[in-house]
Amino acid sequence: MSESLPTGAPAKPPYTIPPQDLRDMALTLPRPPADAPATAWQEVVQGGLDRLGVLDPRDALQTMLAVTVIATHAGAVDACRLAF
């Protein structure tokens, strides 16, 4: 008799991130300099969305933590840019 044992907990389904959370995340990202190309802001926001996709939050708490990580990283990088 060969029984297959479960190897782990079932995966959580994808979580639909509320639009307000996405707006909040985008507002934490640093604005590009005035002399940047017109597409620079789109690239900044896309970078934030890419990071959010990599973190892959599966519930509201994970989403809050992912947005906090992205915002903190963006703030630290922008502060270093301004310092130099």
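Worth saying up front: this structure is predicted, and the values here are computed from it rather than measured. (Residues numbered from 1 in each chain as written. Predicted model: local features only at pLDDT ≥ 70, side-chain atom pairs only at ≥ 80, totals over all residues. Heavy atoms only, no water.)

(A) Structural view of the packing of helix α1 (residues 19-28) against helix α3 (residues 60-83). Close contact between α1 and α3 brings their axes to 9 Å; oriented N to C, the two are set at 15 degrees. Classified by the angle between their axes, α1 and α3 sit roughly parallel to one another. Crossing geometry of α1 relative to α3 is assigned as right-handed. Counted together, Asp21, Met25 and Thr28 of α1 and Thr63, Val67, Ile70, Ala71 and Ala74 of α3 form the full contact between these two elements. By residue class, the composition of the contact of α1 with α3 is five nonpolar, two polar and one charged. (Axes fitted to C-alpha atoms, helices over the stretch in contact; angles between N-to-C directions. Helix = DSSP H or I, 4+ residues; strand = E, 2+ residues; numbered from the N terminus. Parallel < 35°, antiparallel > 145°, perpendicular 65-115°, else oblique. Left-handed = near helix turned anticlockwise from the far one by under 90°. Contact = heavy atoms within 4.5 Å. Nonpolar A, V, L, I, M, F, W, Y, C, P; charged D, E, K, R; others polar.)

(B) The arrangement of the side chain of Thr63 in detail. Of note, Thr63 is situated in helix α3. Among the polar contacts listed, one links the side chain of Thr63 to the backbone oxygen of Asp59, at a separation of 2.9 Å. (Polar contact = N/O pair within 3.5 Å; in protein donor to acceptor, adjacent residues only side chain to side chain.)

(C) Looking closely at helix α2 (residues 40-55). With 16 residues, α2 should cover 22 Å at 1.5 Å per step; its first-to-last C-alpha distance of 23 Å lies within 8% of that length. Within α2, burial applies to Ala40, Val45, Gly47, Gly48 and Leu52. In a view along the axis of α2, the buried residues occupy a sector of 150 degrees, so they form one face of it. Facing away from the buried side of α2, by more than 90 degrees, are the exposed residues Gln42, Glu43, Gly53 and Val54. Each element contacted by the buried residues of α2 is listed here: α1 and α3. One or two steps after α2, the chain reaches Asp56, where phi turns positive at roughly 50 degrees. (Expected span 1.5 Å × (residues − 1). Buried < 20%, exposed > 50% of the residue type's maximum accessible area, 1.4 Å probe, protein only. Arc of directions from axis to C-beta.)

(D) Region of interest: the layout of surface pockets. The space that makes up the largest pocket amounts to roughly 240 Å³. As for the largest pocket, its lining consists of 13 residues, of which Pro30, Val44, Ala74, Val77 and Asp78 are closest to the centre. Residue assignment for the lining of the largest pocket shows that the elements contributing at least two residues are α2 and α3. With six residues, α3 is the single largest residue contributor to the lining of the largest pocket. Partitioned by chemical class, the residues of the lining of the largest pocket number eight nonpolar, one polar and four charged. (1 Å grid on protein atoms, 1.4 Å probe; cavity = no way out; pocket = protein on both sides within 12 Å on 5 of 7 lines; lining within 4 Å. Points joined across faces, edges and corners; volume = space filled by probe spheres on them.)

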